[in-house]
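# Observations on chain architecture
The lines below spell out each chain.
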Amino acid sequence: MYETVQYDRAGAVARITLNRPNKLNALNDLMTSEAQDALQQAAQDTHVRVVVLTGAGRGFSVGQDLEQVANRPDDWSVAEHLRHGYNRWVTLMREMEKPVVTAINGVAAGAGMSIALAGDIRLASDRASFVPAFVKIGLVPDSGFTWMLPHLIGPTRAFQIMVTGDTVTAHQALEWGLIHQVIPSEQLEALVSEWAERLAHAPTRAIGLTKRAFNTTMDKTLAEMMEYEASLQEIAARTEDYREGVAAFLEKRPPVFRGK
Ligand code: T3D
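Computed from a prediction, not measured in an experiment: that's the story for all the values here. (Residues numbered from 1 in each chain as written. Predicted model: local features only at pLDDT ≥ 70, side-chain atom pairs only at ≥ 80, totals over all residues. Heavy atoms only, no water.)

Another point: the packing of aromatic side chains. Inspection of every chain in the model, using the stated rule, returns one aromatic pair. Between Phe134 and Phe145, the ring centres sit 5.3 Å apart and the planes meet at 65 degrees, which makes this aromatic pair edge-to-face. Taken as a pair, Phe134 in the loop between strand E8 (129–131) and helix H6 (145–153) and Phe145 in helix H6 lie far apart in primary sequence, 11 residues in all. A relative accessible area of 0% places Phe145 in the buried class. The ring centre of Trp195 lies 5.8 Å from the NZ or CZ of Arg198, which sits over that ring. (Phe/Tyr/Trp six-rings, centres within 6.5 Å; stacked < 30°, edge-to-face > 60°. Helix = DSSP H or I, 4+ residues; strand = E, 2+ residues; numbered from the N terminus. Buried < 20%, exposed > 50% of the residue type's maximum accessible area, 1.4 Å probe, protein only. Lys NZ or Arg CZ within 6 Å of the ring centre and 35° of its normal.)

Set out below in structure tokens:
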């Protein structure tokens, strides 16, 4: 049981809900450690094959709880706060060898935007917006933002977003390639469940290894990547799901993947 995060598992789908709706799910230290714990729980639970991360109420998350900032001692280190907090959180999402769907139900600001964009599949309500708030309070983008943005949408728009801090609407985010889909708010729940079910029946190991390749590709050459892919394929090709995939194809029937 957590105080600021809700964790539910239904079948193969784990759902983590950031749960401080009155503060638009601003990230305090407790929420950060509880969210990390919930992500680790989902990563380790062999029943779980997909994770959905969303926010309670009208926001996804507005990033760092600025009330907490005001009460820090003078010798307090922001770098350490990021290393143990949001950097670890984002890393848990990126390195989990299961698909992570972010269901961006409302505003995502600052580190909350970084966390929303760290999902493998990013589904936004038409009421969602993205606020790169860092510059508005005199900060550098953090929690992976300066790495993610240029990779997702190219350096031109990424730089503009970072230095203006202007709000990006859900439809702009879709058009620019920040997210995968914009969904009418009343249908978000249903469509997120559809995505989750689909991913829960996918070959989980192959998807996990694909994430491993994605995480590696950005600083490698084509030759290095082809070699790396070959080593991952060596693993994927030994899974039960691969045998099932080939058998189903040859038997002209849909495959039943078990994530093994
Ligand atoms: O020092 C470090 O730790 C460095 C780490 C940095 C990482 C970061 O995430 S930096 C970015 C921090 N976030 C922000 O700067 C966003 C601040 N919030 C806003 O600009 C606006 O709230 C939004 C544009 C996101 C949404 O506006 P709106 O009009 O929809 O909502 P609101 O009325 O501003 O907010 C609703 C409530 O949430 C309100 O509380 P109240 O008055 O009803 O009691 C507001 O104060 C609270 N709230 C919103 N954002 C935060 C927050 N409380 C604490 N921290 C927040 N970030």
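Having put the structure on the table, let's press on.
In the vicinity of the ligand lie 23 residues, with Val62, Gln64, Leu66, Arg72 and Ala111 positioned nearest. The separation between a nitrogen atom of the ligand and a polar main-chain atom of Gln64 is 2.8 Å. In the environment of the ligand, an oxygen atom lies 3.4 Å from a nitrogen or oxygen atom belonging to the side chain of His81. The protein chains hide 66% of the 1,100 Å² of surface that the ligand would expose on its own. (Near = heavy atom within 4 Å. Polar contact = N/O pair within 3.5 Å; in protein donor to acceptor, adjacent residues only side chain to side chain. Areas by Shrake-Rupley, 256 points an atom, 1.4 Å probe, with all protein chains shown as cover.)

Taken together, the side chains of Leu66, Val69, Ile137 and Leu139 make up a nonpolar region of the molecular surface, amounting to roughly 350 Å² of accessible area. As for its position among the elements, Leu66 is in helix H2 (residues 66–70). (Patch = residues over 30% accessible without salt bridge, like charges linked within 9 Å, V, L, I, M, F, W, Y side chains within 5 Å. Salt bridge = Lys/Arg side-chain N within 4 Å of Asp/Glu carboxyl O.)

Side chains that differ in sign of charge can pair as their charged atoms come close. Taken as a whole and assessed by the stated rule, the structure comprises 11 salt bridges. The closest approach of N and O atoms between Asp65 and Arg20, which form a salt bridge, is 2.9 Å. With Asp65 in the loop between strand E4 (59–61) and H2 and Arg20 in the loop between strand E2 (13–18) and helix H1 (29–44), the pair connects residues that are 45 residues apart, well separated along the chain. Salt-bridge contacts for Glu234 lead to Arg238; the nearest nitrogen and oxygen are separated by 2.7 Å. Assessed through its relative accessible area of 46%, Glu234 is described here as partly exposed. Given the relative accessible area of 58%, Arg238 is considered exposed. It is possible to trace a salt-bridge network through shared partners that takes in Arg94, Asp120 and Lys211.

With that settled, the discussion passes to the domain arrangement of the chain. Taken domain by domain, the chain holds domain 1 (5–200) and domain 2 (204–250). Computed over C-alpha atoms only, the centres of domain 1 and domain 2 are separated by 26 Å. For the domain 1 face of the interface with domain 2, the top three residues by lost area are Arg49, Arg94 and Glu97, together amounting to 53%. Across the domain 1-domain 2 interface, the total number found is two salt bridges. For the salt bridge of Asp120 with Lys211, the shortest nitrogen-to-oxygen distance reads 2.7 Å. Put simply, domain 1 and domain 2 have seven residue pairs in polar contact (both at pLDDT 80 or more) between them. Going through the elements one at a time, helix H4 (86–95) and H6 are the ones with two or more residues in the side of domain 1 that touches domain 2. Counting residues per element, the side of domain 1 that touches domain 2 draws most heavily on H4, which supplies three residues. (Domains from an automatic or database assignment. Buried area = accessible area lost by both parts, 1.4 Å probe.)

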